[in-house]
Amino acid sequence: MTYRLPPLNWLRAFETSARHMSFAKAATDLNLTSTAISHQVRSLERHLGHALFERLARGLRLTEMGAAYLPDVRRTVEDLSAATTRLFGQSGMTSITVRAPISFVTLWLAPRLPRFQAEYPVIEILILSTIWADAQPDEATDIDIRFGSGAWAGYEAERLWHQPSVIVCNREVAQRGSAAKRLLEIAETRLIHVVGHENHWTEAFREIGLPMPQPSKALRVDNSVAAVLLAASSGATIVLRPYAKRAVELLPLHQPFDLELPIEQAHFLLTPIGLSNVRPEVLLFRQWIVEEAAGT
């Protein structure tokens, strides 16, 4: 079988130029002259039979074909780099820094990380936990995971997983009776609210067909880890379903209803716009976590 593939250096010149929208900046990244980069892109365009850029007075702009071609080219270059590292390994120990919400780290990532570490023992991982999605990462951060709408200025966001929330409560609470009776029993305990989602308890009572008790014993926390720990002691909370699943495995908790509450936000993997020279070990971790998230 004959493949109509252009040379790899032409593809790298195109991808780097598209990232910076500049032949000069691409040349700096690739240790070439801007003339050489321009020539390689022209050669690629002739090979494909389509213009990929509009040459403007102050930079470049992707054509429709260039914009359509770029994601696959970028993915191919990254996959090749990651595959080379995966198959032939690193020459020595290396490390990556992962920044993610504390609940995501504790209740979702932690039980999965040993699989990555077993497969890539020479890659050391430093995890930095956060609470708020708008906190700015350190420049040394390689992997940035955030929970929110998916819109952060200066970043491309790839959704990892999007799951509803569910109720969890102490195993001694709400074991029997109708849904309404169990929810009223839960209401006698302490209702734990996660900041930013205080309306979830009202929505849960509405779904069951009951008014929200007034007043109710309540407690507010700023993360799901604190919420499930407090619920295990005495009370009930509403957290994302993957967090609830892990909490039930670790703590004296159970999920008393099949009720699911929709969430608009999701977890996203962020990449700074214009990022260049991503290390192979970072690409490997990105690929791994995307595959893990697909099974959530």
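Scroll up to find the structure.
This one's a predicted model, so the numbers in the text were calculated from it and none came from an experiment. (Residues numbered from 1 in each chain as written. Predicted model: local features only at pLDDT ≥ 70, side-chain atom pairs only at ≥ 80, totals over all residues. Heavy atoms only, no water.)

This brings us to the nonpolar core. Ranked by size, the top nonpolar core spans 44 residues in total, and within it F104, I145, F285 and I289 carry the most contacts. Here the element with the most residues in this core is helix α11 (residues 280-294); it accounts for 7 residues. Contacts of F285, omitting those with residues within four sequence positions, involve I96, V98, L113, F116, I125 and I143. If you look at the next biggest cluster of nonpolar residues, it comprises 19 residues, including A26, V41, L44 and L48. (Core = buried A, V, L, I, M, F, W, Y, C linked by side-chain atoms within 4.5 Å. Buried < 20%, exposed > 50% of the residue type's maximum accessible area, 1.4 Å probe, protein only. Helix = DSSP H or I, 4+ residues; strand = E, 2+ residues; numbered from the N terminus. Contact = heavy atoms within 4.5 Å.)

With respect to the helices, strands and loops of the structure, L62 is situated in strand β2 (residues 59-62). Separated by 45 residues in sequence, L62 and S17 have C-alpha atoms that sit 9.9 Å apart. With sequence-adjacent residues up to four places away left out, L62 is seen in contact with F14, A18, M21, L52, F53, A67 and L70.

For the rest of this paragraph, the subject is the sheet that holds strand β11 (residues 253-254). Read from one edge to the other, the open sheet built from 5 strands follows the order β9-β8-β10-β7-β11, with strand pairing classed as mixed. Edge positions in the sheet fall to β9 (218-221) and β11, since each has one partner strand and no second. When strand β7 (residues 165-170) meets β11, the two strands line up antiparallel, connected through 2 bridges. When the sheet's bridge partners are listed, C169 is paired in β11 with H254. This element, helix α8 (residues 200-208), spans β7, β8 (191-194) and β10 (236-240) of the sheet and lies at about 100 degrees to β10. In the packing of helix α9 (residues 224-234) onto the sheet, the strands contacted are β7, β8, β9, β10 and β11, and the crossing angle to β10 comes to about 150 degrees. (Pairing = 2+ DSSP bridges. Axes fitted to C-alpha atoms, helices over the stretch in contact; angles between N-to-C directions.)

Moving on: the packing of helix α2 (residues 23-30) against helix α3 (residues 34-48). Two elements in contact, α2 and α3, have axes separated by 8 Å at closest approach and are oriented at 105 degrees. Put simply, α2 runs roughly perpendicular to α3. In contact with F23, A24, A26, A27 and L30 of α2, α3 contributes S34, I37, S38 and V41. Looking at the contact of α2 with α3 residue by residue, the classes come out as 7 nonpolar, 2 polar and no charged. (Parallel < 35°, antiparallel > 145°, perpendicular 65-115°, else oblique. Nonpolar A, V, L, I, M, F, W, Y, C, P; charged D, E, K, R; others polar.)

So, on to the packing of helix α1 (residues 8-20) against α3. In a packed pair of helices, the relevant descriptors are the angle between the two axes and the axis-to-axis distance. In the contact formed by α1 and α3, the axes pass within 8 Å of each other and the chain directions differ by 110 degrees. Regarding the angle of α1 to α3, the classification is roughly perpendicular. For the element pair α1 and α3, the recorded crossing hand is left-handed. Here α1 contributes N9, W10, L11, A13, F14 and S17 to the contact with α3, which in turn contributes I37, Q40, V41, S43, L44 and H47. (Left-handed = near helix turned anticlockwise from the far one by under 90°.)

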